[in-house]
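So the chains spell out like this:
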Amino acid sequence: MAKVSVSTLAKKKQQGEKITALTAYDASFAKLFYDNGVDVVLVGDSLGMVLQGADDTLSVTTEEIAYHTRSVRAGSRDLFVVADMPFMSYSNPAQACENAATLMRSGANMVKLEGGTWLTESIKLLTQQGIPVCGHLGLTPQSVHVFGGFKIQGREEQQALQMIADAQALESAGAQMLVIECIPSNLAKRITEAVNIPVIGIGAGKEVDGQILVMHDLVGISAGYIPKFSKNFLAETGNMQDAVKKFCDDVKSGAFPGTEHEFN
Ligand SMILES: Nc1nc(=O)c2c([nH]1)NC[C@@H]1CN(c3ccc(C(=O)N[C@@H](CCC(=O)O)C(=O)O)cc3)CN21
Ligand SMILES: CC(C)C(=O)C(=O)O
Ligand SMILES: [Mg+2]
């Protein structure tokens, strides 16, 4: 059993202690992150972009996430590992269970799915079968072609209200954590207050329960475009260990994200 669990993460929210999270795709970085204070590691489908060089995350498969989850788990037995469910791997409850089981058998502690109320049946079933679920709302990259690009979501009040309702529906269905991506900070705050589960933000301002970044953005080596909400922590520290420590310190103190990293 990992040292961090869904209950320690829930406790952090209750006590107002920020949760730190980074993506990782291999054993060495997973161990480095664990050893330097990161609470949660995500095997993200962002690997399609940062490892494989694709323009979006849609080509990633369950087998690829499983492969990287095995590597990350091999880096540390104690790490809390979340694995992304790829595009179209959870389009109905039975398919979601089958693919989530593959990721859990590969060493994940929790799986993450992108979407709102339409996922409630799958989330109920997964939780009943023993698979913890993390939701993901806002700029959900698997829907990039519906959005017409990687665009900030939830700027209109109607959309904002829908997102709050989605967050509550995911929680009611059994989700034990929620990621919100690229939304106005004020909406992120409303969502964080509307649910009891920990809410981890990326490009969602500081009034959430924790922060996640793609690891390549943390050290400024992402191929292609580096999003405005990310920060190169290596530039000011000079080595990987201190970059990770500074990220954790700055998230916990509220120094990161700053206003220059947020959307309104
Ligand atoms: N390196 C990397 N970092 C990420 O955070 C990330 C990935 N890759 N791949 C998967 C998704 C895709 N993400 C992205 C990609 C681009 C933008 C982007 O271009 N955002 C614009 C805002 C556009 C607007 O104003 O509507 C920006 O300026 O940051 C945002 C999130 C987040 N995820
Ligand atoms: C950016 C995070 C939240 C993600 O889903 C990923 O890395 O795939
Ligand atoms: Mg993802």
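Here the structure is a predicted model, which means the values were calculated and not measured.

## Quick word on the nonpolar core
Membership of the largest hydrophobic core comes to 83 residues, with the highest contact counts inside it found for Phe33, Leu178, Ile180, Ile191 and Phe247. Ranked by residues supplied to this core, first place goes to helix H8 (residues 157-173) with six residues.

## Some details on the state of the cysteines
Counting across every chain of the model gives zero disulfides. Cysteine Cys182 shares no disulfide, and the gap to the nearest cysteine sulfur, in Cys134, comes to 16 Å. Residue classification places Cys182 among the buried positions, given a relative accessible area of 4%.

## A closer look at H8
The first and last C-alpha atoms of H8 sit 24 Å apart over 17 residues, in line with the 24 Å expected at 1.5 Å per residue. Restricting attention to buried positions, one finds in H8 the residues Ala160, Met163, Ile164, Asp166, Ala167, Ala169, Leu170 and Ala173. Residues of H8 that are buried in the fold lie against helix H6 (120-128), strand E5 (133-138), strand E6 (177-181) and helix H9 (185-194). Gly174 sits one or two residues past H8 and shows a positive phi near 125 degrees.

## As for the pattern of salt bridges
Scanning all chains against the criterion turns up 12 salt bridges. In this structure, the salt-bridge partner of Glu236 is Lys231, at a minimum N-O distance of 3.1 Å. One network of salt bridges, with partners in common, ties together Lys231, Glu236, Lys246 and Asp250.

## What about the site of ligand 2?
The environment of ligand 2 is made up of Thr23, Leu42, Gly44, Asp45, Ser46, Asp84, Lys112, His136, Val179, Ile202 and Val214. Measuring from an oxygen atom of ligand 2, one finds a side-chain N or O atom of Ser46 at 2.6 Å. The side chain of Asp84 places a nitrogen or oxygen atom 2.9 Å from an oxygen atom of ligand 2. Taken by itself ligand 2 offers 260 Å² of open surface, and the protein chains cover 96% of this.

## Looking at the site of ligand 1
Of all residues adjacent to ligand 1, which total 20 residues, the nearest are Met49, Ile152, Glu181, Asp217 and Tyr225. With respect to ligand 1, the backbone of Ile152 contributes an N or O atom lying 3.0 Å from an oxygen atom. Within the contact set of ligand 1, a nitrogen atom lies 2.6 Å away from a side-chain nitrogen or oxygen of Asp217. In the complex, 82% of the free accessible area of ligand 1, which totals 670 Å², lies under the protein chains. The pocket occupied by ligand 1, as judged from atoms lying within 2 Å of grid points, is the largest pocket. In terms of residue class, the shell around ligand 1 is made up of 13 nonpolar, three polar and four charged.

Rules used throughout
Residues numbered from 1 in each chain as written. Chains lettered and ligands numbered in written order. Predicted model: local features only at pLDDT ≥ 70, side-chain atom pairs only at ≥ 80, totals over all residues. Heavy atoms only, no water. Core = buried A, V, L, I, M, F, W, Y, C linked by side-chain atoms within 4.5 Å. Buried < 20%, exposed > 50% of the residue type's maximum accessible area, 1.4 Å probe, protein only. Helix = DSSP H or I, 4+ residues; strand = E, 2+ residues; numbered from the N terminus. Disulfide = S-S within 2.5 Å. Expected span 1.5 Å × (residues − 1). Contact = heavy atoms within 4.5 Å. Salt bridge = Lys/Arg side-chain N within 4 Å of Asp/Glu carboxyl O. Near = heavy atom within 4 Å. Polar contact = N/O pair within 3.5 Å; in protein donor to acceptor, adjacent residues only side chain to side chain. Areas by Shrake-Rupley, 256 points an atom, 1.4 Å probe, with all protein chains shown as cover. 1 Å grid on protein atoms, 1.4 Å probe; cavity = no way out; pocket = protein on both sides within 12 Å on 5 of 7 lines; lining within 4 Å. Sits in = over half its atoms within 2 Å of the grid points. Nonpolar A, V, L, I, M, F, W, Y, C, P; charged D, E, K, R; others polar.

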